[in-house]
Amino acid sequence: MAVSGFDIDAPRWDQSTFTGRLKHFFNITDWRTALLPDARLDEAKALVESCRAGSVPPGTTEEQLHYAKKLYDSAFHPDTGERMNLTGRMSFQVPGGMAITGCMLQFYRTVPAVVFWQWVNQSFNALVNYTNRNAASSITSRQIGVAYFTATSTALATAVGLNLYTKKAPPLVARWVPFVAVASSNCVNIPMMRQQELLNGVAVTDESGARLGQSKKAAVKGITQVVISRVTMAAPGMIILPIIMQRLEKYPFMQPGVHGASCLLTIPSDMLHGCVQTGTRAERLHLASLWRQCSVRLLQ
């Protein structure tokens, strides 16, 4: 169905309801949009801009306009209109954040592993925060460096300190150390990266988009909500998954050393040699039994 007079900047779903806001953010954080080439994203941007100018190409449907706006919101900065780097896009949060979170939960036993993955996580967070910053509030390279150093130091100090402190604590407590480090660093990283908004305020507009002035109070409220949401988003995976892993490790298939390759070591070399040289029935049957055991362990 062709469209005319379509307001492409109007929300597709009612933003006054939780369901509407949830659909909106699911839409712009769809990880599949991160796989699209730049040329496809530029086409979507051109369609959005032409629609804003009131010149929708003939034959364009409303669904095509909605999809173009989805791609535009997922890849282009709302203030500058420039294409954001892939790693900093919100659509990359699911694959990127999931991989890093999994590594932090898995490699937590040694100090070097904790230091490395906390550094990777804070580098990722700093890039995301910088990419999605309020472009109206400029930030210098020095301020970016200070914010990155402060947040990374906070995460490392928290993770390493708690990792050493929980050596004698139950294993589950040690598994929760990465979450505490992530939460504490978010409380530092985000305000530091968006410090200009706290110092100078953010632009406040009315319903028609007319600028009313600057508000520090709005900046504090907005950044506080971002910090809380980041910690809340990390909580389910980093709190519940360790509990699940703690339960699973009680089962034989999760025990270290139970692998198909290791069971090959149980086959004596002299028996292998004997089977090849003499080929006796008893030796062949015993060897076949051992191979069946190896196969079962591999399937587990």
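Higher on the page you've got the structure.
Residues numbered from 1 in each chain as written. Predicted model: local features only at pLDDT ≥ 70, side-chain atom pairs only at ≥ 80, totals over all residues. Heavy atoms only, no water.

K.L.:
Let's hear about the packing of aromatic side chains: which residues, and what values?
P.N.:
Think of a pair of aromatic rings as described by two things: how far the centres are apart, and how the planes are tilted against each other in angle. According to the stated counting rule, one finds five aromatic pairs in the structure shown. Judged by centre distance (5.3 Å) and plane angle (20 degrees), the ring pair of Tyr72 and Phe76 falls under stacked. We note that Tyr72, like Phe76, is buried. Taken together, a centroid distance of 5.0 Å and an interplanar angle of 80 degrees make the contact between Phe116 and Trp117 edge-to-face. Classification of Trp117 by relative accessible area gives buried; the value is 19%. Cluster of aromatic residues (ring-pair linked, three or more members): Phe107, Phe116, Trp117 and Trp119. (Phe/Tyr/Trp six-rings, centres within 6.5 Å; stacked < 30°, edge-to-face > 60°. Buried < 20%, exposed > 50% of the residue type's maximum accessible area, 1.4 Å probe, protein only.)

K.L.:
Give a detailed account of the environment of Asp38, specifying residues and quantitative values.
P.N.:
Tracing the chain through its elements places Asp38 in helix H2 (residues 38-52). Expressed as a C-alpha distance, the spacing of Asp38 and Arg83, which sit 45 residues apart in the sequence, is 8.7 Å. Here Asp38 is in contact with Arg83 and Arg89, once residues within four sequence places are set aside. (Helix = DSSP H or I, 4+ residues; strand = E, 2+ residues; numbered from the N terminus. Contact = heavy atoms within 4.5 Å.)

K.L.:
Explain the packing of helix H4 (residues 93-106) against helix H5 (residues 111-131) to me, and be specific about the residues and the numbers.
P.N.:
Viewed as axis vectors pointing N to C, H4 and H5 meet at an angle of 160 degrees, and their least axial separation amounts to 9 Å. Considering their axes alone, H4 and H5 lie roughly antiparallel with respect to each other. Regarding H4 and H5, the two cross each other, and that crossing is left-handed. Every residue of H5 that contacts H4 at Gln93, Gly96, Gly97, Ile100, Cys103 and Met104 is listed here: Trp117, Gln118, Val120, Asn121, Phe124 and Val128. Taken together, the residues that form the contact of H4 with H5 break down as seven nonpolar, five polar and no charged. (Axes fitted to C-alpha atoms, helices over the stretch in contact; angles between N-to-C directions. Parallel < 35°, antiparallel > 145°, perpendicular 65-115°, else oblique. Left-handed = near helix turned anticlockwise from the far one by under 90°. Nonpolar A, V, L, I, M, F, W, Y, C, P; charged D, E, K, R; others polar.)

K.L.:
Now, about the environment of Arg175: what can you tell me, with residues and values included?
P.N.:
One can find Arg175 in helix H7 (residues 171-175). With 64 residues separating them in the primary sequence, Arg175 and Ile239 have C-alpha atoms 8.4 Å apart. Discounting residues that sit within four places of it in the chain, Arg175 has contacts with Leu105, Tyr108, Arg109, Pro242, Met245, Gln246 and Glu249.

K.L.:
So what's going on with the environment of Leu212? Which residues, and what values?
P.N.:
Along the chain, the position of Leu212 falls in strand E2 (residues 211-215). Those residues in contact with Leu212 that lie beyond four places of it in its chain are Val204, Thr205 and Asp206.

K.L.:
Would you mind going over the nonpolar core in detail, with residue names and values included?
P.N.:
Counting 15 residues, the largest nonpolar core has Ile100, Met104, Trp117, Phe179, Val182, Ala234 and Met238 as its most contacted members. Elements represented by at least two residues in this core include exactly H4, H5, helix H8 (177-193) and helix H10 (216-248). The contacts of Val182, once residues within four sequence positions are left out, are Met104, Asn121, Ala234 and Met238. (Core = buried A, V, L, I, M, F, W, Y, C linked by side-chain atoms within 4.5 Å.)

K.L.:
Give me H10: which residues, what numbers.
P.N.:
A turn of α-helix holds 3.6 residues, and therefore any two residues three or four places apart point the same way. An ideal rise of 1.5 Å per residue puts 48 Å on 33 residues; H10 measures up with 48 Å between its terminal C-alpha atoms. Along H10, the sharpest change in direction is near 35 degrees and occurs at Ala235; proline Pro236 comes one to four residues later. Within the span of H10, buried status applies to Ala219, Ile223, Val226, Val227, Arg230, Val231, Ala234, Ala235, Met238 and Pro242. Its side-chain oxygen 3.5 Å from the backbone nitrogen of Lys217, Ser215 forms the N-cap of H10. (Expected span 1.5 Å × (residues − 1). Bend = angle between axes of the 7 residues up to and from the residue. Polar contact = N/O pair within 3.5 Å; in protein donor to acceptor, adjacent residues only side chain to side chain.)

None of this, on its own, says anything about what the molecule does.
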